[in-house]
Amino acid sequence: MSGAGSDPVEDPAASGGRHGREGAVRHSERTFTGWPPEAFDVLLRLEGEPSPSVREECRRDRERLVRKPMIALLNDIADTDPAYEDFSVWHYRTNSWWWQHQGAVIRLARNVEMGLRFDLDGLRIQGAWWYPVPEQIKRFRQAVAAAGSGPQLVSIAQELTARNYEVTGDLMKRVPRGYPADHPRAELLRHRSFIAARPLGCAAWLHAPEALDVALDAIDELKDMMSWLLRHVKA
């Protein structure tokens, strides 16, 4: 049920991360130093449909050069705010997509998440409410229809679009039953998920600690959206 531009969802049992660590550390104690340039060499070898032998040849370097820096990045992000401590950094499995893209997710609540992805295109961020239970869909529609919270989400979506986020989701063909077809927020009422994503770029900062600041700035851009979702659809 993911919308356009969204990532596949990995089995949490196959992921690695940390849970429940408290407190923050000083800037000088950051562990993330960036992705080494050689990370792109590994991903280039994994383009297309790499054979099992190529995957095995790349496994150790991919773990060291691609996945480990993402773990360090997510640890440093978690050290800035306890809300970001429930995260996973995906392993790579049989599907070649997972070998070519290194994903990570920060869980804020049930089905409310932020994700980061590193691949040959650079770094990408995504905020999402997706794969919801029926009660969450009901709450979302009520909040969209309400006079206060509905226009708030419209403004949030417009601001994210202006910042070059692609705002997508799983949409019904029609406005759901119980709401008029000409409702002023009919488009939003059709959503059964709500996703905002944008590429952060592929530049020299990816190879330096500065990438953490780029990621944190993007997380700040998503805060209004994620706060709205936590207030109105959190299960």
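Structure's up top.
Residues numbered from 1 in each chain as written. Predicted model: local features only at pLDDT ≥ 70, side-chain atom pairs only at ≥ 80, totals over all residues. Heavy atoms only, no water.

Asker: For this particular structure, what's the right way to read the side chain of Ser96?
Answerer: Here Ser96 lies in helix α3 (residues 96-100). The contact partners of Ser96, leaving out residues within four places of it in the chain, are Gly48, Glu49, Pro50 and Arg55. (Helix = DSSP H or I, 4+ residues; strand = E, 2+ residues; numbered from the N terminus. Contact = heavy atoms within 4.5 Å.)

Asker: It is not clear to me how unusual backbone geometry should be interpreted in this structure. Could you clarify?
Answerer: Backbone phi values are negative for most residues with the exception of glycine, while trans is the configuration of most peptide bonds. Located in the positive-phi region is Asn111, a residue other than glycine, with phi close to 70 degrees. Looking at the secondary structure, you find Asn111 in the loop between β3 (102-109) and β4 (112-119). Judged by its relative accessible area of 16%, Asn111 is buried. Of note in the backbone geometry, Tyr131 takes a positive phi value of approximately 50 degrees without being a glycine. The topology assignment puts Tyr131 in the loop between β5 (122-129) and α4 (134-145). Among the residues examined, Tyr131 registers a relative accessible area of 33% and is labelled partly exposed. (Buried < 20%, exposed > 50% of the residue type's maximum accessible area, 1.4 Å probe, protein only.)

Asker: What is the right way to look at the pattern of salt bridges in this model?
Answerer: It is possible for side chains of opposite charge to pair when their charged atoms get near one another. Under the criterion given, the structure shown has 15 salt bridges. The shortest N-O distance in the salt bridge between Asp61 and Arg64 comes to 3.0 Å. Linking Asp61 with Arg64, this pair stays in helix α2 (residues 52-78), spanning 3 residues, or about one helical turn. You can call Asp61 partly exposed: its relative accessible area is 32%. As a salt-bridge pair, Arg190 and Glu187 come within 2.8 Å of each other at their nearest N and O atoms. Overlapping salt bridges, with partners in common, bring together Glu159, Arg163, Arg198 and Glu221 in one network. (Salt bridge = Lys/Arg side-chain N within 4 Å of Asp/Glu carboxyl O.)

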